[in-house]
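# Chain and residue survey
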Amino acid sequence: MTVYLVGAGPGDPGLMTRRSLELIAAADVIVYDRLIPDGALDGARPDAELIFVGKEGGGEQVPQAQTDRLLLEHGARAGIVVRLKGGDPFVFGRGGEEAELLRAAGIEFEIVPGVTAGIAAPAYAGIPVTHRDLASSVAFLTGHEDPAKTESAHDWDALAAFPGTLCVYMGVRQLEGIAARLIRGGRDPDEPAALVQRGTFPTQRTVRATLGTLAVVAREQRIGAPAIAVFGPVAQMREQIAWFERRPLHGRTVAVTRARAQASGLAVRLAALGARVIEAPTIRIVELPGPVPDLTGVDLIVFSSANGVGAFFGRLAAAAVDARALAGLRVAAMGPGTARALAERGVRADIIPDRFIAEGMVEALSALTIARALIVGGREGRDVLADALTARGVAVEVAVVYENVVDPLTPETLTALAGADYLTFTSASSARNYLDAGGPVAGRRVSIGPATSAALTERGVSVDVEATPHDLDGLIGALVADAQS
Ligand code: SAH
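All values derive from a computational prediction rather than experimental measurement.

### Focus: the site of the ligand
As a matter of local geometry, the ligand sits amid 18 residues, with V91, T116, M170, G199 and A227 nearest to it. The separation between a nitrogen atom of the ligand and a polar main-chain atom of G86 is 3.0 Å. The protein chains hide 90% of the 540 Å² of surface that the ligand would expose on its own. Taken atom by atom, the bulk of the ligand overlaps the second largest pocket. In terms of residue class, the shell around the ligand is built from 12 nonpolar, four polar and two charged. Two domains share the shell around the ligand, each providing at least three of its residues, namely domain 1 (2-115) and domain 2 (119-242).

See the structure below:
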């Protein structure tokens, strides 16, 4: 019975408020606009009704009357209705009108402010809208209408004389006229100016010019809506403090083909470097339930991956035992990620090889006396270690505690992948699965190491960048170096 008029912020999902996320998660109905962050609705309930009222492509906006009707109709029923808007609902968002309408109809409502584009887009462009030395006030205005109109909503002469920053929403198409009108009103044509397109999105672009030249420069650089124009000395601050567009992977689209459970760490790191990340996992890790492997007589346990650690401890928990089951055993971890997974469960790995592959483990174990070893891993694990230990006379047990399941790529993901600048491959199996799933390979291929590279070249897909060292740090470093070369 309550309608929430909610601001979704300017585009960066990280700028959504906690309150907005809570309400999206609780909503029965979400009526949303076009300019909302990617993935803003990911947290909605699967049974929530999602109604789009924005502009479809270059098409027409759903008429406000129709949006109003939807709000009244759904607001009159039981449940939570979220009206989700870009930026702040009360800043050029018609939130005031919708609240009036709801009040008149006796429907309860709440307002959830959002981060508005007029402040956030300049901020992400390195432009503070106020500054102690440069601007003590800021005005937000719509540039929607033609300033040549005689019945203007604006007092253009007053705006020209305004002694602070002007932030113009919806002004791209009228930029030329707006600047001309401000200059006619006495504003300095040489005043610094900037236009920030898709501010706070990974695709943000900014041009810097002057009040007199911004329209021409924007046209030359093909900067269009949605954009915020900033007029005032603060626009020059960008020269010193631009940051968002300077991040090494800004403007690049990078695909992560790792299994879903492992992808997010890499995705987060790439995004922090400015990349737009497409997660395209084709394998999913499924833990295989089963008994705790028999540890009688075992004096060495080898975990070949963090997934194996998770699944093994899942079995311990199911059997109502804990890490004490490993008491007295030597524990080997294939690499630092595996060791970390063990440490999180209170177990310190005794052995971590220098090279994080089976051959490295064989070397690391060569000096040890082992009677009975248990190797814990996945279905597609290699036999290298088991064979080497068996050849030494060690009794070897292998516990398969998880398997990789192949997932198809959705049509939307396939389309997004076709436009990716980089494709990252972090294991031979994920590379093979990606190709089996029909994943496009137009972008530059970045491989974590030789085994992964071989999996690609065997299928006729060449590798553009190979990481050294063969781990995630190496992969990220190599990708950044390639992007900057
Ligand atoms: N309520 C919104 C504004 C809606 S009006 C807010 O508070 O931000 C739509 C206009 O907002 C666009 O024409 C554009 O000028 C501006 N805008 C919205 N999102 C933007 C973004 N990410 N980058 C630049 N301008 C944006």
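### What to know about the sheet that holds strand β15 (residues 330-333)
The strand order β13-β17-β16-β14-β15 describes an open sheet built from five strands, whose pairing is mixed. Of all the strands in the sheet, the pair left with one neighbour each is β13 (283-287) and β15. Strand-to-strand twist in this sheet, taken as the mean axis angle between neighbours without regard to direction, amounts to 20°. Sheet strands touched by helix α10 (residues 306-318): β13, β14 (300-303), β16 (372-378) and β17 (395-406). Its angle to β17, the strand with the most contacts, is close to 105°.

### Re helix α2 (residues 64-75)
Helix length check: α2 (12 residues) gives 16 Å between terminal C-alpha atoms against 16 Å at 1.5 Å per residue, within 8%. Those residues of α2 that sit buried are T67, D68, L70, L71, H74 and G75. Along the axis of α2, the buried residues cluster in a sector spanning 160°; they form a single face. In the core, the buried residues of α2 are packed alongside β1 (2-7), β2 (29-32), β3 (49-52), β4 (80-85) and α3 (95-104).

### As for the environment of F356
Within the secondary structure, F356 is located in the loop between α11 (336-343) and α12 (358-365). Between the C-alpha atoms of F356 and M334, which are 22 residues apart in sequence, the distance is 5.5 Å. When neighbours within four sequence positions are excluded, F356 is seen to be in contact with M334, G335, P336 and D471.

### Some words on the side chain of H250
Tracing the sequence through the fold places H250 in the loop between α8 (238-241) and β11 (253-256). Classification of H250 by relative accessible area gives buried; the value is 15%. Reaching out from H250, the side chain makes a polar contact with the backbone oxygen of Q204 at a distance of 2.9 Å. For H250, the contacting residues outside a window of four places in its chain are F201, P202, Q204, F244, E245, L273 and G274.

### Describing the sheet that holds strand β19 (residues 444-447)
If you trace the five strands from one edge of the open sheet to the other, you get β12-β11-β18-β19-β20, paired in parallel fashion. The sheet is open, and its two edges are formed by β12 (276-279) and β20 (465-466), each paired on a single side. Pairing of β11 with strand β18 (residues 422-425) involves three bridges; the strand directions are parallel. Paired with V256 across the bridge in β18 is T424. Along the sheet, helix α16 (residues 450-457) makes contact with β18, β19 and β20, crossing β19 at roughly 140°.

### Description of the nonpolar core
Ranked by size, the top nonpolar core spans 26 residues in total, and within it I301, F303, F312 and L342 carry the most contacts. Broken down by secondary-structure element, the contributors of at least two residues to this core are β13, β14, α10, β15, α11, β16 and β17. Here this core takes five residues from α10, the largest share from any one element. Residues in contact with F303, not counting those within four places in the same chain, are G308, V309, F312, L326, V331, A332, A333, M334, T338, L342 and V376.

### Focus: the pattern of salt bridges
A side chain with one charge may pair with a side chain of the opposite charge, provided their charged atoms come close. As enumerated under the stated definition, the model contains 25 salt bridges in all. R94 serves as the salt-bridge partner of E97, at 3.8 Å between the closest nitrogen and oxygen. Residue R94 is classed as partly exposed on the basis of its relative accessible area, which comes to 43%. The shortest N-O distance in the salt bridge between R445 and D464 comes to 3.8 Å. Of this pair, R445 sits in strand β19 while D464 sits in the loop between α16 and β20, and the two are 19 residues apart along the sequence. Residue classification places R445 among the buried positions, given a relative accessible area of 12%. Taking the relative accessible area as the measure of exposure, D464 reaches 34% and is therefore partly exposed. Each of D33, R83, K85 and E98 takes part in salt bridges that share partners, so that together they form one network.

Procedures and definitions
- Residues numbered from 1 in each chain as written.
- Predicted model: local features only at pLDDT ≥ 70, side-chain atom pairs only at ≥ 80, totals over all residues.
- Heavy atoms only, no water.
- Near = heavy atom within 4 Å.
- Polar contact = N/O pair within 3.5 Å; in protein donor to acceptor, adjacent residues only side chain to side chain.
- Areas by Shrake-Rupley, 256 points an atom, 1.4 Å probe, with all protein chains shown as cover.
- 1 Å grid on protein atoms, 1.4 Å probe; cavity = no way out; pocket = protein on both sides within 12 Å on 5 of 7 lines; lining within 4 Å.
- Sits in = over half its atoms within 2 Å of the grid points.
- Nonpolar A, V, L, I, M, F, W, Y, C, P; charged D, E, K, R; others polar.
- Domains from an automatic or database assignment.
- Pairing = 2+ DSSP bridges.
- Helix = DSSP H or I, 4+ residues; strand = E, 2+ residues; numbered from the N terminus.
- Axes fitted to C-alpha atoms, helices over the stretch in contact; angles between N-to-C directions.
- Contact = heavy atoms within 4.5 Å.
- Expected span 1.5 Å × (residues − 1).
- Buried < 20%, exposed > 50% of the residue type's maximum accessible area, 1.4 Å probe, protein only.
- Arc of directions from axis to C-beta.
- Core = buried A, V, L, I, M, F, W, Y, C linked by side-chain atoms within 4.5 Å.
- Salt bridge = Lys/Arg side-chain N within 4 Å of Asp/Glu carboxyl O.

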